[in-house]
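Survey of secondary and tertiary structure
Single-letter residue listing:
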Amino acid sequence: KINAVFLMNNQEEFPQIMEFVKFCEIKYGLNLTYQPGFVDGLQRYIQENQIDAFIMGTRRTDPDGKSLLIFHPSSKKYGRFMRVNPIIDWNYGDVWRFLRRLNLSYCQLYDLGYTSLGSKYDSLPNPMLLLPDGSFLPAYKLFHERSERLGREKKPAVKPNDAIELKTSTSTKLDTTVHTVGMIIIGDEILSAKTKETNFALAAQMLRPAGISLQRVCMVPDDREEISREVQKQVRLFDRVITSGGVGGTHDDMTLAAIADAFGEILVLNETMQMIVLQYFGKDSMKMASLPESASLIFSNGSDFPVIAVRNQVFALPGVPEFFEKGMQILVQRWSSPEKKFHCVKLYLQVDEKEIIAPLNAVVSQHEDVSIGCYPYFFREDCRTILTVESRNHKKCLQCTETLRASLPLDCVINIEYGDDLLSAPSFENSLEFSDKK
C-alpha cells in the first residue's frame, strides 16, 4: 500500500473533500493517516513514521511555489524531509487535461465552480465562472488561468455565526435633489391576487413627509423584458425609481437582470453581497450576489440587507414588506430635506361636491402652482366633501386656502386644519382661522 497523510481541520473542512479523500483511500488502497492540524500534524507524522520524503501536488502558481525545484528540501518550520514536486511546472490547464483525458475522479466541488480549495471558510466559487442565472460553470471551463485563485479569500470568509462588519455604509449621505419618484412593483403573485400588495401604500406614506412626490406606480409580472422596459420608461420621467420584489435567489427573481438590461449592463459578482448571501441565505442563493456592473450597496445601522442602487437612479428593494420598509427608511433618510416638505391644509365641507364645482374651478385656475384636491363622501356623518390645498411653499398654501374659503358658499365649511389624512374626523382643537370677508 501507498502511505499517505491528510492534514485536516475537522471544523473547517468541506464535507465533500472529506468524502472524496475517503473515496481515494478505498479506490487506490492507500494506507492513509488523518492528522489534525497542518504544521503540528505534519511534524507528528514525520516523527512517528520516520518519513524522508513526500510526493506533493504543489505547482509554480501556488503560494510559495515560485522558487521550488522538483526536489526541494522543506523549511525548518515543517521539519526535515524532501519535497518531491512532480507537477511543479504544470499549469492549470495541464491538470484538467490530465484528469479528464484519463477519466480520473475529482472532488465534486470543482463541478460547482470552485477552482482552488482550502477550508470552507476561505474558499468560494470562482466569480469568473458565474452564469447569469446565479450558477457556476465547472472548474475546467476556466480559461483565464491566472484567475485560478479568485475564489480564495485573502482574509477568512464569513463563518455562519459571525456578524459582518461593513464599513461601506453611506446611509448618511444626503441627496436632496430628489423630488419625484416612480415605483415598479414586480410579481406574478401580486397581479394574480395571491398576496396583498402593501408596499405601495407604505412607500407613499414614507415619501410624502420627506417632501418627495410618488408620481407613478406600475405593477408588472415576473417578466424580464417587461421589467426592463418599465425601468427605462420611469428613469426618463422621474428623479429616482424604486423597485419592489424580484431580488431573491429563485428562478422567478429577475429584477436585477432586468435593471442591468435597461442600462445595457451585465451582471457581475459583488463580493460584499456575496458575503451577505453566504451568511444569511446560503450558497444555493448565490444568484442574489450577481448585480448590475454599476451597482452599489447602501447600508444603514440596524439593517442587515442593503438597498441595491444602480447608477443612483434605480433602487432595488426586496418585496417582503418587513425588508422593504427597512430599505425605504434608508432611502428616505438620504433623500429628505426640510426645504422640500409638503404643506397641506384640509377643508371639511357639509355640502355635496356638485355645489362647489364653479368656485373650485375658479380658484384652481388662479393658483396653478398649488395642488387642490376634492374628495366627495356619501356615507360619512361628519362631512360630505373634503378639499385639500397642498404646496411646498407654506405661504402660497395658506394664501390659496384663504382664497378658496372666501369663494365657497356661506356656512358650508365645517372646519379648516393642517393634515392630509382624509379618513380622520375634523379636529376643532387645531382649527385654522380665516376671515369671513368675501
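This structure is a prediction, so every number in the text was calculated from the model and none was measured. (Residues numbered from 1 in each chain as written. Predicted model: local features only at pLDDT ≥ 70, side-chain atom pairs only at ≥ 80, totals over all residues. Heavy atoms only, no water.)

**Brief notes about the sheet that holds strand 15 (residues 371-376)**
The pairing of strands in a sheet comes from backbone hydrogen bonds and takes either a parallel or an antiparallel form. Under the convention used in this document: Pairing between two strands requires that DSSP report at least two bridges joining them. The numbering of helices and of strands both runs from the N terminus, where a helix is a DSSP run of H or I of at least 4 residues and a strand a run of E of at least 2. Under this scheme, a helix contributes an axis fitted over its contacting stretch, all axes are lines through C-alpha atoms, and angles between N-to-C directions fall in the 0 to 180 degree range. Any two residues having at least one pair of non-hydrogen atoms within 4.5 Å are treated as being in contact.
Ordered by their spatial adjacency, four strands build an open sheet running 15-16-14-17, and the pairing between neighbours is antiparallel. Two strands in the sheet have a free side with no partner beyond their single neighbour: strand 15 and strand 17 (413-418). Ignoring strand direction, the axes of neighbouring strands in this sheet form an average angle of 15 degrees. Of the strand pairs in this sheet, strand 14 (residues 343-349) and strand 16 (residues 385-391) are connected by seven bridges, and their pairing is antiparallel. In the strand pairing of strand 16, Leu 349 is matched with Thr 385. On top of the sheet, helix 11 (residues 394-407) reaches strand 14, strand 15, strand 16 and strand 17; it is set at about 15 degrees to strand 14, its chief contact.

**Observations concerning unusual backbone geometry**
Here is the rule we go by: To sort residues, take the accessible area from a 1.4 Å probe on protein chains only and compare it with the maximum for the residue type: under 20% means buried, over 50% means exposed, and anything in between is partly exposed.
Here the phi dihedral of Gln 50 falls at roughly 50 degrees; this positive angle occurs in a residue that is not glycine. Of note, Gln 50 is situated in the loop between helix 2 (39-49) and strand 3 (53-55). By relative accessible area, which is 61% here, Gln 50 ends up exposed. Of note, Asn 312 is a non-glycine position whose phi angle comes to about 55 degrees, a positive value.

**Considering the confidence of the model for the protein**
We count it as follows: pLDDT is defined as a per-residue confidence score from the predictor, taking values between 0 and 100.
When pLDDT is averaged across the protein, the result is 88; 92% of the residues are at 70 or more. Predicted confidence for residues 154-172 stays below pLDDT 50, and this span has 35 contacts to residues more than four positions away or in other chains.

**Considering the packing of aromatic side chains**
Here is the rule: Only rings of Phe, Tyr and Trp enter the pairing, Trp through its six-membered ring, and a pair is recorded when the two centres are within 6.5 Å. The plane angle decides the type: under 30 degrees is stacked, over 60 is edge-to-face, the rest tilted. Remark: a charge is flagged as sitting over a ring if the NZ atom of Lys or the CZ atom of Arg is within 6 Å of the ring centre and within 35 degrees of the ring normal.
Tallying each qualifying case throughout the model produces twelve aromatic pairs. Aromatic pair Phe 38 and Tyr 78: ring centres 5.9 Å apart, planes at 85 degrees, arrangement edge-to-face. Of this pair, Phe 38 sits in the loop between strand 2 (31-36) and helix 2 while Tyr 78 is found in the loop between strand 4 (71-73) and strand 5 (82-84), placing the two residues 40 residues apart along the sequence. Arranged with centres 5.2 Å apart and planes meeting at 80 degrees, the rings of Phe 315 and Trp 335 form a pair that is edge-to-face. Of the two residues, Phe 315 is situated in strand 13 (residues 314-317) and Trp 335 in helix 9 (residues 321-335); the sequence distance between them amounts to 20 residues. Among the residues examined, Phe 315 registers a relative accessible area of 0% and is labelled buried. What links up through ring pairs into an aromatic cluster is the set Trp 96, Tyr 106, Tyr 110 and Tyr 140. Over the ring of Tyr 140 we find Arg 100, and its NZ or CZ is 3.6 Å from the ring centre.

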